[in-house]
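The primary structure of each chain is shown beneath.
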Amino acid sequence: MQSIPTLEELLEAIGQRFTFGLADGRTVQAVLAHASAGTPMNDSFVCYAATFELPSGVFLPQNVYRIGSPAGRAWDLLATPTRPTADGRSTLTVVIHTRADELANAAGSSEVM
């Protein structure tokens, strides 16, 4: 089963805290600052992105993270460092680009354990 958040889920969660699970078992709290639609390669696809603000002094590299939502859902997603905030905090952005029919049929996730 495909496990990705929908744009609607992300838009509803702007301003809320998400948990980024690290490979060593630690977690980092990040705030979902922005979510927006992108430009898919054609009408068969959907594209959107979400940017998360990390706590002051925390930097995470590009990696696949287990991202837990405040609603109790979790996804393994590739996150990439992007432009810092105006006050210098690091950000990570996730870009979703998938077939529209697959998202409609299989968007879901496992519960956070």
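Caption draft 1: Local environment of the packing of aromatic side chains. Counted under the stated rule, the structure contains three aromatic pairs. For the pair Phe20 and Phe52, a centre-to-centre distance of 5.1 Å together with 80 degrees between the ring planes defines the contact as edge-to-face. One end of the pair, Phe20, is in strand β1 (residues 17–21); the other, Phe52, is in strand β3 (residues 45–53), with 32 residues separating them in the sequence. Overall, the relative accessible area of 2% leaves Phe52 in the buried class. Its relative accessible area of 0% is what places Phe20 among the buried residues. Here the aromatic residues Phe18, Phe20, Phe52 and Tyr65 are joined through ring pairs into a cluster of three or more.

Caption draft 2: Up close: the pairing of strand β6 (residues 91–99). Note: β3 against β6, nine bridges, orientation antiparallel. Among the inter-strand pairings, Val46 is bridged to a residue of β6, identified as Thr98. One ladder, built from three bridges, connects strand β5 (residues 73–82) with β6; its direction is antiparallel. Each residue of the ladder has a partner; that of Pro81, found in β6, is Leu92.

Caption draft 3: View of the environment of Gly88. Along the chain, Gly88 falls in the loop between β5 and β6. For Gly88, a relative accessible area of 53% translates into the label exposed.

Caption draft 4: Just the confidence of the model for the protein, in detail. Averaged over every residue, the pLDDT of the protein is 90; residues scoring 70 or more account for 89%. Model confidence for the protein, summarised as mean pLDDT per element, is weakest for strand β7 (residues 110–111) at 44 and strongest for β1 at 98. Taken together, the stretch residues 108–113 has pLDDT below 50 and engages in 19 contacts with residues farther than four places along the chain or on a different chain.

Caption draft 5: Structural detail: the pattern of salt bridges. Overall, the coordinates contain six salt bridges when judged by the stated rule. Residue Arg26 is joined to Asp24 by a salt bridge in which the shortest nitrogen-to-oxygen separation is 2.7 Å. Taken individually, Arg26 and Asp24 each receive the classification exposed, so the pair is uniform in this respect. A salt bridge links Arg89 to Asp87; the nearest nitrogen and oxygen atoms lie 3.2 Å apart. Accessibility expressed as a relative area gives 23% for Arg89, which makes it partly exposed. Each of Glu53, Asp87 and Arg89 takes part in one network of salt bridges that share partners.

Conventions adopted
- Residues numbered from 1 in each chain as written.
- Predicted model: local features only at pLDDT ≥ 70, side-chain atom pairs only at ≥ 80, totals over all residues.
- Heavy atoms only, no water.
- Phe/Tyr/Trp six-rings, centres within 6.5 Å; stacked < 30°, edge-to-face > 60°.
- Helix = DSSP H or I, 4+ residues; strand = E, 2+ residues; numbered from the N terminus.
- Buried < 20%, exposed > 50% of the residue type's maximum accessible area, 1.4 Å probe, protein only.
- Pairing = 2+ DSSP bridges.
- pLDDT = per-residue confidence, 0-100.
- Contact = heavy atoms within 4.5 Å.
- Salt bridge = Lys/Arg side-chain N within 4 Å of Asp/Glu carboxyl O.

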